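# Notes for the structure review
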There are 2 protein chains.
Amino acid sequence: MPRQVDHQERREAIARALWRVVEQRGVLDLSMREVAQEAGISLGQLQHYFASRREMLSFAMDSASAQTAARVGRGLDALGDRPHPRDVLRLMLTETLPLHADARTTSRMSAAYVVEALHDEGIHARARDGLLQGRASMEQLIRDAIADGYLGADRDPVIETSLLLALTGFTTLIELDAVEPREVLTAVDRYLDRLFS
Amino acid sequence: MPRQVDHQERREAIARALWRVVEQRGVLDLSMREVAQEAGISLGQLQHYFASRREMLSFAMDSASAQTAARVGRGLDALGDRPHPRDVLRLMLTETLPLHADARTTSRMSAAYVVEALHDEGIHARARDGLLQGRASMEQLIRDAIADGYLGADRDPVIETSLLLALTGFTTLIELDAVEPREVLTAVDRYLDRLFS
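A quick note: this is a predicted structure, and the numbers were derived from the prediction, not measured.

### As for the packing of helix H4 (residues 53–78) of chain B against helix H5 (residues 85–94) of chain B
Residue and element names in this part refer to chain B.
- Two elements in contact, H4 and H5, have axes whose closest approach is 10 Å; the angle formed by their N-to-C orientations is 155°. Considering their axes alone, H4 and H5 lie roughly antiparallel with respect to each other. Every pair of crossing elements has a handedness; the one defined by H4 and H5 is right-handed. Here H4 contributes Val72, Gly75 and Leu76 to the contact with H5, which in turn contributes Val88, Leu91 and Met92.
- Its residues assigned to classes, the contact of H4 with H5 comprises 5 nonpolar, 1 polar and no charged.

Structure, rendered in structure tokens:
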């Protein structure tokens, strides 16, 4: 048992080292050697925990997704027992944007994973699955909001989900300092006001 | 004169080789050596045209932006003398999305440039300037649309511009095959209908 726990803990520590490399030096330097160095272990030790660069990246991505989900979960708890779907959608969208340090780390990890997906079929399939899962849960939320009368029955759940997911394009605007975080939140609120009007 | 033309032509040919590397193998392999090989010249010859990786990338990005602008320009010509601002915004947005082969090449070049920008101040500044220029011209179009009565006077040009630019987040959904191109166009049309209603 303790051995198993150690193994998982060590993998999490390596994932955090990987994020630091992504955060500081980008995906270009994301070799296993680079991550081992950042984690303070040898390449051989790293290979004991991850057989390949792809396996390491996928674990780090899963771990980043879990962190984002945990942030959304904490936000949901703060919204109380029966949160308004508008507030839930706002939380789901804004926690994927690099608007604060933790979200920036997971956002950059996610961007690095998408870049890898363009040239690695295995990563493409995993990234696609993750995105489709997120899409399905957002679509269900919108369907429920329509059924509960929060959203007009004329709203198409598929289209509204696509548009909300597309707004993650704020990521590039934020990373290039082309918008202030405050402006992003104002724009997201304006968008949600219009959707729920 | 011919010497100058040759120089520019050769630089364009190298930019196209660079796009092919980005298209086929991603930004990870985007070394000057890799691009020289793809362009069928020696590294020394490449360095005669571009002193650094950054200079080469920036030229290729400018060239990609010029191609996107040319596609938008041809689309505008097809819209006739006084195009509806809705059609102009639709064109500006959809031509930046990887919905067809040419747009995919320039979209991937642009994504590669943003990834580089996160870890290179010079590229960050250039990418930011390019984005702010695009933002300014879209904002002016929206201001004109309000002045001409196409758009309600209650629309905030800054917020509407941010939201339209954020919709370039469709890029990730398209690249991960999480939406059909047809769905993207339907969603963009629904968005613009709501904006102009």
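### What to know about the interface of chain B and chain A
- Across the boundary between the two partners, chain B contributes 37 residues, which contact 37 residues of chain A.
- Breaking the side of chain B that touches chain A down by element, the ones donating at least two residues are helix H6 (101–117), helix H7 (121–147), helix H8 (157–166), helix H9 (170–175) and helix H10 (181–196) of chain B.
- Of the residues contributing to the side of chain B that touches chain A, the split by class is 21 nonpolar, 8 polar and 8 charged.

### Details of the relation of the copies chain B and chain A
- Structural alignment of chain B on chain A gives an RMSD of 0.0 Å, achieved by rotating through 180° and translating 0.0 Å along the axis. With respect to symmetry, the two chain copies, as superposed, fit the operation of a two-fold axis. In terms of proximity to the rotation axis, the leading residue of chain B is glycine 169 of chain B, whose C-alpha is 1.7 Å off the axis.
- Most of the interface of chain B is mirrored in chain A: 100% of its interface residues are interface residues there too.

### Some words on the environment of serine 52 of chain B
Residue and element names in this part refer to chain B.
- Here serine 52 lies in the loop between helix H3 (43–49) and H4.
- Assessed through the 11 C-beta atoms surrounding it within 10 Å, serine 52 is described here as exposed.
- When the C-alpha positions of serine 52 and aspartate 156 are compared, they lie 42 Å apart, and in sequence the two are 104 residues distant.

### Brief notes about the packing of helix H4 (residues 53–79) of chain A against helix H7 (residues 121–147) of chain A
All names here are of chain A.
- Two elements in contact, H4 and H7, have axes separated by 11 Å at closest approach and are oriented at 10°. Relative to H7, H4 is oriented roughly parallel. Contacts between H4 and H7 involve Arg54, Leu57, Ser58 and Ser65 from the former and Gly122, Ile123, Arg126 and Gly130 from the latter.
- Its residues assigned to classes, the contact of H4 with H7 comprises 2 nonpolar, 4 polar and 2 charged.

### Focus on the domain arrangement of chain A
Residues and elements named next belong to chain A.
- Here the domain parsing of chain A yields domain 1 (1–51) and domain 2 (53–196).
- Summarising the inter-unit geometry, the C-alpha centres of domain 1 and domain 2 are found 26 Å apart.
- Only helix H1 (2–25) and helix H2 (32–39) provide two or more residues apiece to the side of domain 1 that touches domain 2.
- The element best represented in the side of domain 1 that touches domain 2 is H1, accounting for 7 residues.
- The residue inventory of the side of domain 1 that touches domain 2, partitioned by class, reads 10 nonpolar, no polar and 3 charged.

Calculation criteria
Residues numbered from 1 in each chain as written. Chains lettered and ligands numbered in written order. Predicted model: local features only at pLDDT ≥ 70, side-chain atom pairs only at ≥ 80, totals over all residues. Axes fitted to C-alpha atoms, helices over the stretch in contact; angles between N-to-C directions. Helix = DSSP H or I, 4+ residues; strand = E, 2+ residues; numbered from the N terminus. Parallel < 35°, antiparallel > 145°, perpendicular 65-115°, else oblique. Left-handed = near helix turned anticlockwise from the far one by under 90°. Contact = placed C-beta atoms within 7 Å. Nonpolar A, V, L, I, M, F, W, Y, C, P; charged D, E, K, R; others polar. Least-squares fit on C-alpha atoms with pLDDT ≥ 70 in both. Buried ≥ 20, exposed ≤ 12 C-beta atoms within 10 Å, placed from the backbone. Domains from an automatic or database assignment.

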